[in-house]
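Structural overview
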Amino acid sequence: MCENGRCCHNLFKSLPDRRLWDNLTAASFMILGHIELRSMDFLSLCTPQLTSFELHLPSIRTAAYDRDWPTTATSFKIPPTLLRSLTSFSFRCNWEATPIIPITLQHCVNVTTLTLNVNSDEGRMQWADSDPFIKSLSRNGLLLPKLQRLRIRQCEPSDAAKLFNLLNAPNIHDIDISFEGYETDLEHQDYENDDPCWIPKKKPYFNCPRIHYGDVGYYEVEESFGEALGVFMGRSGSSLRSLRLHYATITGAALSTMLLHLNPLTHLVLDEFNLDSDCFKDAHVSSVLPNLQMLELLNLPTEYTLERVEEFVRGDEEDKGLTLRMTHIDPDVCCPTHSQRMPPEAADIAPVALRRIAVINMF
């Protein structure tokens, strides 16, 4: 973790033995402060042996305060030679008004596992369609020939749709998208004694951002998301087998639009979703998702009962069978990730509280 690019630059210059760096196959950098183009040349020092790389750039709220921001936003680049050597790449960046993400991804020709964190709460993945790079892409899209697993975090559905309208991944196998505004899968810092929530430090329960920051609410997955997914599937082929969507709300119409394009799917997960009561009405797995083997509806509101999805799962008599897993909320824990019991003194400040409860039904 570095305060800025200069910090990373100095780190490499101070290494007593260059061989320590030359033998690395994985590296992770989180830059918290300003980006200085002249100090980011440490990225060019990465060796061909590096196959796994994580880079977290500062948010647009921080970076935009830099006096050189307009130049940085348009000129910052990760060396293509580094990107071409990677098989695993994690990139956190929410610099809006610049296609930095697709410009970076064009060189990820050997990446099999890709994680993108776009932090939509602070910035949007909203490049202009008139951007020269975007216009230069053919109808076949931005090709990621070896990509198998795609993870997207802190992303609005409209931003994810924009990405799907662009990508072409003929070997994609697994997609996992969380629309939640906070990174609940990361440990957060212990809070100081002067925190307004006056919570004692070093209790895992209170490291949960849902407790510290409050309920951010749900984004809505609209029909345009399903349509963009259809564009992606039509361009990429039928290799997708697993899809997980996390923390959003969806209507029956939007769900139907999405499912129409997921014919090859064998595993579907809707985690912490607000589902309309008619989401699965008048549809059967055999006709909508003929290859589905596992359907997981996790951390649902308690009022969402098995009867609302049972008919969808049963289908007709010729079905080969499907495993359905449903779980419901528990108001006494913070969230599924941390699963810490809420102490009595915190009851008034807990906006969201969830826990997985296994309910497995075989058909």
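Predicted, not measured: the structure shown is a model, and the values here were computed from it.

Conventions adopted
- Residues numbered from 1 in each chain as written.
- Predicted model: local features only at pLDDT ≥ 70, side-chain atom pairs only at ≥ 80, totals over all residues.
- Heavy atoms only, no water.
- Phe/Tyr/Trp six-rings, centres within 6.5 Å; stacked < 30°, edge-to-face > 60°.
- Helix = DSSP H or I, 4+ residues; strand = E, 2+ residues; numbered from the N terminus.
- Buried < 20%, exposed > 50% of the residue type's maximum accessible area, 1.4 Å probe, protein only.
- Pairing = 2+ DSSP bridges.
- pLDDT = per-residue confidence, 0-100.
- Contact = heavy atoms within 4.5 Å.
- Axes fitted to C-alpha atoms, helices over the stretch in contact; angles between N-to-C directions.
- Parallel < 35°, antiparallel > 145°, perpendicular 65-115°, else oblique.
- Left-handed = near helix turned anticlockwise from the far one by under 90°.
- Nonpolar A, V, L, I, M, F, W, Y, C, P; charged D, E, K, R; others polar.
- Core = buried A, V, L, I, M, F, W, Y, C linked by side-chain atoms within 4.5 Å.
- Salt bridge = Lys/Arg side-chain N within 4 Å of Asp/Glu carboxyl O.
- Patch = residues over 30% accessible without salt bridge, like charges linked within 9 Å, V, L, I, M, F, W, Y side chains within 5 Å.
- Areas by Shrake-Rupley, 256 points an atom, 1.4 Å probe, with all protein chains shown as cover.
- Lys, Arg positive; Asp, Glu negative; His and termini not counted.
- Charge placed at Lys NZ, Arg CZ, Asp CG, Glu CD.

1. Details of the packing of aromatic side chains
Counted according to the given criterion, the structure contains 8 aromatic pairs. Where Phe164 meets Phe232, the ring centres are 5.1 Å apart and the plane angle is 55°; that geometry is what we call tilted. With Phe164 in helix H8 (residues 157-164) and Phe232 in helix H10 (residues 223-236), this pair connects stretches of sequence that are 68 residues apart. We note that Phe164, like Phe232, is buried. For the pair Tyr218 and Tyr247, a centre-to-centre distance of 4.5 Å together with 25° between the ring planes defines the contact as stacked.

2. What about the pairing of strand E6 (residues 149-153)?
The sheet contact formed by strand E4 (residues 113-117) and E6 spans 5 bridges and is parallel. Of the residues in E6, the one forming a bridge with Thr113 is Arg149. Across 4 bridges, E6 lies against strand E8 (residues 174-178) in parallel orientation. Bridging across to E8, Ile152 finds its partner in Ile177.

3. Focus on the confidence of the model for the protein
On average, residues of the protein carry a pLDDT of 76, and 64% of them reach 70 or more. The weakest mean pLDDT in the protein belongs to strand E14 (residues 359-362) at 35; the strongest belongs to E8 at 97. Scored below 50 in pLDDT, residues 346-363 shows 69 contacts in the model against residues more than four places distant or in partner chains.

4. Details of the packing of H8 against H10
The interhelical angle for the contact between H8 and H10, taken along N-to-C directions, is 20°, at an axis separation of 8 Å. The orientation of H8 with respect to H10, classified from their angle, is roughly parallel. As for how H8 packs across H10, the hand of that crossing is left-handed. In this structure, H8 contributes Pro157, Ala160, Ala161 and Phe164 to the contact, and H10 contributes Ser224, Phe225, Ala228, Leu229, Phe232 and Arg235. Among the residues forming the contact of H8 with H10, the class breakdown is 8 nonpolar, 1 polar and 1 charged.

5. A short note on the nonpolar core
Counting 84 residues, the largest nonpolar core has Phe53, Phe89, Phe91, Leu275, Phe280, Leu295 and Leu297 as the members making the most contacts within it. Among the elements that make up this core, the one with the highest residue count is H10 (5 residues). Once residues within four sequence positions are removed from consideration, Leu297 is found in contact with Leu270, Leu275, Phe280, Val309, Leu324, Arg325, Met326 and Thr327.

6. Structural notes on unusual backbone geometry
Negative phi values dominate among residues other than glycine, just as trans dominates among peptide bonds. Positive phi is not limited to glycine here, since Gln154 has a value of about 50°. Examined against the element boundaries, Gln154 turns out to sit in the loop between E6 and H8. Take Gln154: its relative accessible area is 7%, and that puts it in the buried class. Even without glycine at this site, Tyr247 takes up a positive phi of about 65°. Residue class for Tyr247 comes out buried when judged on its relative accessible area of 1%.

7. What to know about the environment of His261
Turning to its location among the elements, His261 is positioned in the loop between helix H11 (252-259) and strand E11 (267-275). Taking the C-alpha atoms as reference points, His261 and Val288, separated by 27 residues in sequence, lie 9.0 Å from one another. Other than its neighbours up to four places away in sequence, His261 contacts Gly226, Glu227, Gly230 and Met233.

8. Examining the packing of H10 against H11
Where H10 contacts H11, the axes come no closer than 8 Å and their chain directions differ by 0°. The angle between the axes of H10 and H11 places the two elements in the roughly parallel class. Only Ala253, Ala254, Thr257 and Met258 of H11 make contact with H10, whose side of the interface consists of Glu223, Phe225, Gly226, Glu227 and Leu229. Taken together, the residues that form the contact of H10 with H11 break down as 5 nonpolar, 2 polar and 2 charged.

9. Considering the pattern of salt bridges
This structure, assessed with the given rule, holds 4 salt bridges. Linking Glu296 and Arg325 is a salt bridge whose minimum nitrogen-to-oxygen distance equals 3.1 Å. Here Glu296 is found in strand E12 (residues 294-300), whereas its partner Arg325 is found in strand E13 (residues 323-328), with 29 residues between them in sequence. According to the relative accessible area criterion, Glu296 is buried, its value standing at 11%. Shared partners join several salt bridges into a network, and the residues in it are Arg153, Asp176, Arg244 and Asp271.

10. Describing a negative patch on the surface
A cluster of like negative charges, contributed by Glu220, Glu222, Glu223, Glu227, Asp276, Asp278 and Asp282, occupies part of the molecular surface. Note on placement: Glu223 falls in helix H10.

11. Focus on H8
For an α-helix, 3.6 residues make a turn, and residues three or four places apart therefore share a direction. Across the 8 residues that make up H8, a large majority, 7, are buried. Of the positions making up H8, those classed as buried are Pro157, Asp159, Ala160, Ala161, Lys162, Leu163 and Phe164.

12. Some remarks on the environment of Arg308
Among the structural elements, Arg308 can be located in helix H13 (residues 307-314). Given the relative accessible area of 32%, Arg308 is considered partly exposed. Along the chain, Arg308 and Asp276 lie 32 residues apart, while their C-alpha atoms are 9.6 Å from each other. For Arg308, the residues in contact, after removing those within four places along its chain, are Ser277, Phe280 and Glu303.

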